Amino acid sequence: RQKLMTKTPVTVTVTGAAGQIGYALLFRIASGHLLGADVPVRLRLLEIPAATKAAQGTAMELDDCAFPLLAGVDVFDDPKAAFDGVNVALLVGARPRTKGMERGDLLEANGGIFGPQGAAINAGAASDVRVLVVGNPANTNALIAQQHAPDVPADRFTAMTRLDHNRALAQLAAKLQVPVAELRKVTIWGNHSATQYPDVFHAEAAGRAVKDLVDQAWLADEFIPRVAKRGAEIIEVRGASSAASAASAAIDHVHTWVNGTAEGDWTSAAIVSDGSYGVPAGLISSFPVTSTGGKWEIVQGLEISEFSRARIDASVAELQEERTAVQGLGLIK
Ligand code: NAD
Ligand code: LMR
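We now turn to the structure provided with this report.

Quick notes on the rules
- Counting restarts for each chain: residues are numbered from 1 in the order of the written sequence.
- Chains and ligands are labelled by the order in which they are written, letters from A for the one and numbers from 1 for the other.
- Restriction of local features to residues with pLDDT of at least 70 applies here, the model being predicted, together with a cutoff of 80 or more for giving and counting side-chain atom pairs; totals for whole chains, interfaces and linings are based on all residues.
- The side-chain numbers reported here are obtained from all heavy atoms of the structure, hydrogens and water having been left aside.
- Each Phe, Tyr or Trp ring, with Trp reduced to its six-membered ring, pairs with another whose centre is within 6.5 Å; inter-plane angles below 30 degrees give stacked pairs, above 60 give edge-to-face pairs, and intermediate values give tilted ones.
- A run of H or I in DSSP counts as a helix once it spans at least four residues, and a run of E counts as a strand once it spans at least two, with each numbered from the N terminus.
- Exposed residues in this analysis have more than 50% of their type's maximum accessible area, buried residues have under 20%, and partly exposed residues fall in between, with area computed by a 1.4 Å probe over protein chains only.
- Whether two residues are in contact is decided by their heavy atoms, any of which lying within 4.5 Å being enough.
- In these notes, residues near a molecule or strand are those with any non-hydrogen atom within 4 Å of it.
- In protein, a polar contact means a hydrogen-donor-capable atom and an acceptor-capable atom, both N or O and within 3.5 Å, with residues adjacent in sequence counting only if both atoms are side-chain atoms; elsewhere, any N or O pair within 3.5 Å suffices.
- Per-residue and other accessible areas follow the Shrake-Rupley method at a 1.4 Å probe size, with only the shown protein chains counted as cover for residues.
- Gly is put with the polar residues, along with every residue not named as nonpolar or charged; the nonpolar set is Ala, Val, Leu, Ile, Met, Phe, Trp, Tyr, Cys and Pro, and the charged set is Asp, Glu, Lys and Arg.
- Here the rule is simple: two strands pair whenever DSSP picks up at least two bridges between them.
- Every crossover in which the path from the first strand over the helix to the second runs clockwise, viewed with the strands pointing away from the viewer, is termed right-handed.
- Any carboxyl oxygen of Asp or Glu within 4 Å of a side-chain nitrogen of Lys or Arg constitutes a salt bridge here.
- The axes used here are C-alpha line fits, helices contributing only the stretch in contact, and every angle between their N-to-C directions lies in the interval 0 to 180 degrees.
- Put simply, angles under 35 degrees are roughly parallel, angles over 145 are roughly antiparallel, angles from 65 to 115 are roughly perpendicular, and the rest are oblique.
- Definitions for this section: a left-handed crossing has its near helix turned counterclockwise from the far helix by less than a right angle. A right-handed crossing has that turn clockwise.

### Observations regarding the packing of aromatic side chains
In total, this model carries seven aromatic pairs according to the counting rule given. Each ring, one from Y197 and one from F307, has its centre 6.4 Å from the other, and the planes form 65°; the classification is edge-to-face. With Y197 in strand β9 (residues 197-199) and F307 in helix α10 (residues 306-328), this pair connects stretches of sequence that are 110 residues apart. The exposure classification of Y197 matches that of F307, with both residues buried. Aromatic rings pair up to connect W189, Y277 and F287 into one cluster.

### Digging into the environment of Y277
Examined against the element boundaries, Y277 turns out to sit in the loop between β12 (267-272) and β13 (284-292). Residue Y277 is classed as buried on the basis of its relative accessible area, which comes to 13%. Residues Y277 and A125 lie 152 residues apart in sequence; the distance between their C-alpha atoms is 32 Å. Excluding its chain neighbours within four sequence positions, the residues that come into contact with Y277 are W189, F287, I298, V299, Q300, G301, L302, I304 and R309.

### So, the site of ligand 1
Residues in contact with ligand 1 amount to 23 residues; listed here are only the nearest, Q20, I21, E47, V134 and N136. Q117 places a polar side-chain atom, nitrogen or oxygen, 3.5 Å from a nitrogen atom of ligand 1. Within the backbone of V134, one N or O atom sits 3.3 Å away from a nitrogen atom of ligand 1. With the chains in place, 82% of the 870 Å² that ligand 1 exposes on its own is no longer accessible. Residue assignment for the shell around ligand 1 shows that the elements contributing at least two residues are α1 (20-30) and α4 (103-124). By residue class, the composition of the shell around ligand 1 is 12 nonpolar, 10 polar and one charged.

### Details of the site of ligand 2
What surrounds ligand 2 is the set N136, R167, H192, G231, I235, S241 and S242. Residue N136 places a side-chain N or O atom 2.8 Å away from an oxygen atom belonging to ligand 2. Note that an oxygen atom of ligand 2 is positioned 2.7 Å from one of the side-chain N or O atoms of R167. For the shell around ligand 2, the class distribution of residues is one nonpolar, five polar and one charged.

### A few points about the sheet that holds strand β11 (residues 208-209)
Spatially, three strands are ordered β7-β10-β11 in an open sheet, and the strand pairing comes out antiparallel. What marks the edges here is a single partner per strand, and that holds for β7 (183-184) and β11. Two strands pair when backbone bridges link them, and strand β10 (residues 204-205) and β11 are joined in this way by two bridges, in the antiparallel orientation. The residue of β11 that forms the bridge with E204 is A209.

### As for the pairing of strand β5 (residues 130-133)
For a regular strand, the rule is simple: side chains alternate between the two faces of the sheet. With burial as the criterion, each face of β5 is covered, one bearing R130 and L132 and the other bearing V131 and V133. Sheet topology note: the strand β4 (residues 88-91)/β5 ladder contains four bridges and is parallel. When the bridges of β5 are listed, L91 appears paired with V133. After leaving β4, the chain enters α4 and then returns to the sheet as β5, a path that is right-handed. Here three bridges tie β5 to strand β6 (residues 157-159), and the two strands are oriented parallel to one another. Within β6, the residue paired with V131 across the bridge is F157.

### Some points on the pattern of salt bridges
All told, the structure shown has eight salt bridges when counted by the stated rule. The salt bridge partner of D164 is R167, with a shortest N-O separation of 3.7 Å. Here the residue D164 and the residue R167 both occupy positions in helix α6 (residues 162-176), the gap between them amounting to three residues, near one helical turn. Accessibility classification places D164 together with R167 in one group, the buried group. Between R309 and D313 there is a salt bridge, with the nearest N and O atoms lying 3.0 Å from each other.

### Notes on the packing of α6 against helix α7 (residues 216-228)
At a closest axis distance of 9 Å, the pairing of α6 and α7 adopts a crossing angle of 135°. Classed by the angle they form, the pair α6 and α7 counts as oblique. With respect to the hand of their crossing, α6 and α7 are arranged in right-handed fashion. Here D164, R167, A168, Q171, L172 and K175 of α6 come into contact with α7, specifically with W218, F223, R226 and V227. By residue class, the composition of the contact of α6 with α7 is five nonpolar, one polar and four charged.

### Digging into the packing of α4 against helix α5 (residues 138-147)
Direction vectors running N to C along α4 and α5 enclose 40°, while the axes themselves pass 7 Å from each other. Put simply, α4 runs oblique to α5. Note on packing geometry: the crossing formed by α4 with α5 is right-handed. Contacts between α4 and α5 involve L107, N110, G111, F114, G115 and G118 from the first element and T140, N141, I144 and A145 from the second. Looking at the contact of α4 with α5, its residues break down into four nonpolar, six polar and no charged.

Below you can see the structure in the form of structure tokens.
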């Protein structure tokens with residue numbers, strides 16, 4: 001389906017388009033929430049062959065919404081075709097862990113997905129391509145894709161910890177009885193896993209230091225584990241992993257990346273480390289970040305307490321173990 005538009009549409013490729021996050025994500029992209037209310041988009045949906053029919057059904061529904069910004073929708077089962085000319089790539093589709101699967105099996109199965117997708121992005125993406133990996137294990141999947149795209153600047157590959165960031169904001173807002181909009185400078189460090197470290201030591205609530213408003217026991221025993229294990233809690237209560245909140249966080253991540261962070265605030269994103277805060281260079285780890293001119297920058301100069309240091313190190317150690325495991329499997333060099 002083609003429509004006449006004045007601006008050139010931005011090409012957005014979504015993998016795992018027939019999955020539950022895909023279903024929550026696509027309609028918000030098509031209605032202008034990803035890039036802005038005046039930016040037309042062309043959607044390219046990638047699925048495995050068994051799910052392309054379901055993706056076609058979603059494409060029909062997208063048509064039926066008559067979104068003024070939607071320039072077209074195409075469905076693919078071939079990564080090369082799906083990523084041809086892509087400006088924004090949302091890598092959502094991944095192999096979930098099934099019964100009896102070891103961690104190595106999961107990493108290997110996902111290496112088989114994210115390696116070829118990285119290579120396809122390398123071969124055909126637009127020069128301004130920006131990639132967000134949502135599919136788990138998100139940081140290491142992003143690393144695999146990035147390592148298969150040597151011609152794309154490494155800083156274009158990111159993994160999602162915005163959901164963890166948003167969960168931290170929601171928990172703090174409830175605890176302090178302040179609106180989410182009054183919170184600033186919360187950070188998620190490390191891996192999108194239960195080892196992540198949600199850090200409020202530099203955070204502000206309505207202009208006051210959060211660390212003066214909460215006690216250490218609440219932080220260590222309630223807030224940090226609550227945020228870090230929220231994904232598992234949602235699976236337990238909902239009976240399926242988070243979908244609409246994950247889609248919403250993906251929208252937030254790309255919107256901030258393209259349109260910038262608010263003055264006096266930062267957000268969290270897993271980006272390629274430059275060695276800041278002792279995180280080994282090359283790992284895709286979550287940091288406090290700002291975005292200016294379409295580029296993430298790590299917030300520098302933050303004082304890191306012993307309490308924080310131990311937790312950052314633990315999550316970074318897990319990322320290093322994952323990197324070593326995928327190197328051992330021959331998925332990256
Ligand atoms: P889902 O099982 O509903 O959908 C996944 C879809 O991906 C399926 O339709 C499947 O056919 C497709 N897929 C599998 N391999 C593919 C490939 N090679 N190419 C294209 N598509 C492929 O899962 P979901 O609930 O939508 O979740 C998707 C992923 O997001 C999972 O890995 C989940 O763990 C992860 N997740 C991450 C976060 C985060 O914060 N980073 C949050 C929630 C979920
Ligand atoms: C989440 O944080 O909700 C997900 O990453 C959980 C999962 O394992 O899919």
